[in-house]
Structure formats: C-alpha cells, structure tokens
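Here's the letter readout for the chains.
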Amino acid sequence: MAEADVAPREAPRRFLLLYALAWAGAAIAYVPFLTILLPVKVEGLAGTRIGIDWLAWLSFGGALAASAGHLLFGWLSDVTGRRRPWIAAGLLLSCLLLLAMGQAASLPALLGLIIAWQLALNMMMAPLAALAGDHVPDGQKGLLGGLLAFAPGLGALSGSLVTWPDLMLPQGRLALVAALVAGAVLPLLLLPLPAKSDPAPQATSVPSVHPTATVRRMWLARLALQIAEATLFAYLYFWFQRVDAAMTDNRVAGLFAATLVVSAPVALAAGRWADRHGQPFRPLVLAAFGAAFGLMGMALSTALAAAMAGFAVFSLASAVFLALHSAQTLRVLARPERRGRDLGLFNLTNTIPSLIMPWLTIGLVPRFGFSGLFLALALLCLISALVLAGLSRRR
C-alpha cells in the first residue's frame, strides 16, 4: 500500500507490538539454533574436541555471509523503496534452509547451508530493521527499544521448548523453530503500515542533526559489547559442561531464557524513562557496566551456582543494552533514503565479532582458560560503557 509522507506524532501501539513480535521471530530463527542446536549438531558430527574448532569455522563463515547479506539487502530495500517483499522472501528461504540443516551429513555441507541460511536470514532482517526507522518517531524510540528486549527472551524460550527432553527428534526441533518464526513474522507482513515517521527523501542531501562522532561512538560501543556477547554465547554450552557435566543443553537453554525474560521489563522501563527524560544514552552506559560485572563474576566462579549467577547478570545487562541500542541507533541515523544501507554498516557490529571471537578464544582459552577469556570480555564491556559515557544529552 502507499505510504504517507506526513509524519505522525506517534506510531500506533498495534504496529509497535506486531513489529516487536516480528523482531522476536528473527531472534527465534537464530538464538536456539546458534546457541544450542548447532553446537549439538556439530558435536554429533565431530565430537566435542574437534567440534569446538569446527564451531569456530562455522561461526566465521556464517558471519561473513551475514555481513554481506545485511548490507546487500538493506541497500536493495532502499533502492526499491519496498521493505516487506524482501522480508517475506527472506522468511521463506531462511525457514526452508533451516529445515535442510537437519539433513547435513558432513561438516562441509553444514558450512555451506549455514552460509546460505545467513544470507536468507539477513534478507529478512535488514529490511525489517529499517522498517522501524521508517515508521517510529524519535519520541518512541525508547519504548521501541524496550519492546525489542522481549525478542531475545522469546528466542531463548523457544530454545528451551525445542530442547525439552524427549519432546521431538532433531529434525522436529528445526521444524518447530521454522513454524514459530513464520507465526511471529507473518502478522506484520499483513498489517497496513502507518505513515512514515519522517518526510519522503528529497532530491537534495538532508544533513543529519546528529554529529558524526555520536554515530561512531554508538558503533564502537556496540562492537565492543557484541564481541563479548558473541564469544560467550558461542562457547556457553561447552563452558557450562566444564563447570558441571550435569548442565545439559536443556538446562543451559532454560537459564538463558529465564534471564532474558527478566531483562525485557527492565529494558521496557529503562526505555520509557529515556523517552520521558530525554536521556537516550544513560541506560546504555549502566547496562554496559552491568555486563562487565557479570563477566567478572563468571571469571572468578568455581561452583555451578556462582557461574549461573554471573551469567544471569551478564545476560540480563547485555540484553537490555542491545535492545535499547538498536532503537537509539535509529535516532542517530537520520537519512531515511539510505537507512537500510546504514543499518547494514551498523550490523557489522553484530557480525564482525563472530570473525574476531574464534581467534580470541583460540588465543586465550588454551593458555588462560575460560577465566582469562571472560576477564578480557569484561574489559571490552567497560570500554563500551566509557565510550558512551562521553555522549552529551540528546533529545
């Protein structure tokens, strides 16, 4: 349908809720697969020892594909001026490729499928991310960020569901994930869009009201924290197994889900506070400090209870940070005619860490163990907090 050029005062709550559900669908697509189902699949094909190395290479190849795909399809959605056809195509292809993962009989075949799946997933996610910038005004960015915080929790809950003992076979797990993703994304594709939150692009260049330094700080802060998150979550299952062999895949998924569910109302409250007080960056600083504290606790823990508590703090704080950061990024990227492309550049902060973390892990874990790795990740979270602490108040 045609999209109006007159900026509304607020986006309808129905749109915000269905958008948040669709974003949760994207999380359901990758969270249970990358954190639980993929490591289990790799372990079944190669064993734990070789599987750790292969998991690094699978993450590396997938990250390259995700980076290229997000840039490409974000840019294409800008050029075509249409977001939802790309979202629909990516949804269909990513679900089909997810089902194909269960049939992979070798690690090289699994690598090829992951690369194709990441391309298709980002065909869906890149235009979906830009869609929020098109239709949600700045005064609701904090609220949007709070609603987006429910996505990781729902993604983790789906992981807990699909790994429920004796519920279904591995192929059934993948089919259930695909069905959940489709059910979450399709309602947004059928909903009439509200008017755009900014005027239609003009022939002349529209300068950003936010300095380039702010954009760079936002990019660097997310990159630092995302390196910590990507490294931790890629090896979370193996780390918990070393702490206590009784930590099954379902117990890990359940703990992950519980902490992310708690993080959602925290992020929602913080986002609404940021909207009311015109302080979009302060909650981000506090969340980054909290993530660092949780990682320090994990590095020092020797018992399962302490390990679980440290992880819970990190998971909660990082989820709040990433949800609010995603929404506030739309605030500082003020050029609607290239929003998809610019978000593709910001998405590099999500995928570059997967290129870095294998070497970080290989360099630190053999020499210093997981404790040394977690202390290095805590330092990255502190850098993230300090980078954002220097930002001035923005409205």
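Residues numbered from 1 in each chain as written. Predicted model: local features only at pLDDT ≥ 70, side-chain atom pairs only at ≥ 80, totals over all residues. Heavy atoms only, no water.

> Quick one: what's the story with the overall build of the protein chain, residue by residue and with numbers?
A count of helical and extended segments in the protein chain gives 13 helices and 0 strands. Over its C-alpha trace the protein chain gives a radius of gyration of 20 Å, about what one expects of a compact globule, namely 21 Å for 395 residues. Seen along its three principal axes, the alpha-carbon backbone of the protein chain occupies a region of about 60 × 45 × 30 Å. Burial status across the protein chain gives 55% buried among its 395 residues. In the protein chain, 86% of the contacts between residues at least 6 apart in sequence involve partners at least 24 apart. In the structure as shown, the protein chain presents an accessible area of about 15,900 Å², 68% of it carried by carbon and sulfur atoms. (Helix = DSSP H or I, 4+ residues; strand = E, 2+ residues; numbered from the N terminus. Rg over C-alpha atoms; globule rule 2.2 N^0.38 Å. Buried < 20%, exposed > 50% of the residue type's maximum accessible area, 1.4 Å probe, protein only. Contact = heavy atoms within 4.5 Å. Areas by Shrake-Rupley, 256 points an atom, 1.4 Å probe, with all protein chains shown as cover.)

> How would you sum up the environment of Asn 347? Please name residues and give values.
Locating Asn 347 in the fold gives a position in helix α13 (residues 339–389). Residue Asn 347 is classed as buried on the basis of its relative accessible area, which comes to 8%. Measuring from C-alpha to C-alpha, the distance between Asn 347 and Ala 66 comes to 8.7 Å, with 281 residues separating the pair along the chain. Each residue touching Asn 347, except ones within four places of it in the same chain, is listed here: Ala 66, His 70 and Asn 122.

> Please give an account of the packing of helix α1 (residues 13–46) against helix α7 (residues 170–190) that cites residues and values.
In contact at an axis separation of 7 Å, α1 and α7 are set at 160° when each is read in the N-to-C sense. Taken together, the axis directions place α1 and α7 in an arrangement best described as roughly antiparallel. The interaxial crossing formed by α1 with α7 has left-handed handedness. Contacts between α1 and α7 involve Phe 15, Leu 18, Tyr 19, Leu 21, Ala 22, Gly 25, Ile 28, Ala 29, Pro 32, Phe 33 and Leu 37 on the former and, on the latter, Arg 173, Leu 174, Val 177, Leu 180, Val 181, Ala 184, Val 185, Pro 187 and Leu 188. Looking at the contact of α1 with α7 residue by residue, the classes come out as 18 nonpolar, 1 polar and 1 charged. (Axes fitted to C-alpha atoms, helices over the stretch in contact; angles between N-to-C directions. Parallel < 35°, antiparallel > 145°, perpendicular 65-115°, else oblique. Left-handed = near helix turned anticlockwise from the far one by under 90°. Nonpolar A, V, L, I, M, F, W, Y, C, P; charged D, E, K, R; others polar.)

> Which residues make up the packing of aromatic side chains, and what are the values?
Under the defined criterion, the tally for this structure stands at 8 aromatic pairs. Arranged with centres 4.7 Å apart and planes meeting at 45°, the rings of Trp 239 and Phe 240 form a pair that is tilted. Across this residue pair, the class does not change: Trp 239 and Phe 240 are buried. Taken together, a centroid distance of 5.1 Å and an interplanar angle of 85° make the contact between Trp 239 and Phe 374 edge-to-face. Pair noted here: Trp 239 is in helix α9 (residues 236–243) and Phe 374 is in helix α13, with a separation of 135 residues, a long-range link. Grouping residues by exposure puts Trp 239 and Phe 374 together as buried. (Phe/Tyr/Trp six-rings, centres within 6.5 Å; stacked < 30°, edge-to-face > 60°.)

> Any details on the side chain of Arg 173? Residues and values, ideally.
With respect to the helices, strands and loops of the structure, Arg 173 is situated in helix α7. Judged by relative accessible area, Arg 173 falls into the buried class, the value being 14%. Of note is the side chain of Arg 173, whose polar atom sits 2.9 Å from the backbone oxygen of Val 162. Apart from the residues within four sequence positions on either side, Arg 173 is in contact with Leu 37, Val 162, Thr 163, Met 168 and Asp 249. (Polar contact = N/O pair within 3.5 Å; in protein donor to acceptor, adjacent residues only side chain to side chain.)

> Mind laying out the pattern of salt bridges, listing which residues take part and the relevant values?
Summed over all chains, the structure comprises 5 salt bridges. The partner of Asp 78 in a salt bridge is Arg 83, and the shortest N-O contact between them spans 2.8 Å. On the basis of relative accessible area, Asp 78 is assigned to the buried category, the value being 15%. One salt bridge connects Asp 134 with Arg 83, and the closest N-O pair in it is separated by 2.8 Å. Residue Asp 134 is located in helix α4 (residues 107–135), and its partner Arg 83 is located in the loop between α2 (48–80) and α3 (84–101); the two are separated by 51 residues in the primary sequence. Per residue, the accessibility class of Asp 134 equals that of Arg 83, and both read buried. One network of salt bridges, with partners in common, ties together Asp 78, Arg 83, Asp 134 and Arg 339. (Salt bridge = Lys/Arg side-chain N within 4 Å of Asp/Glu carboxyl O.)

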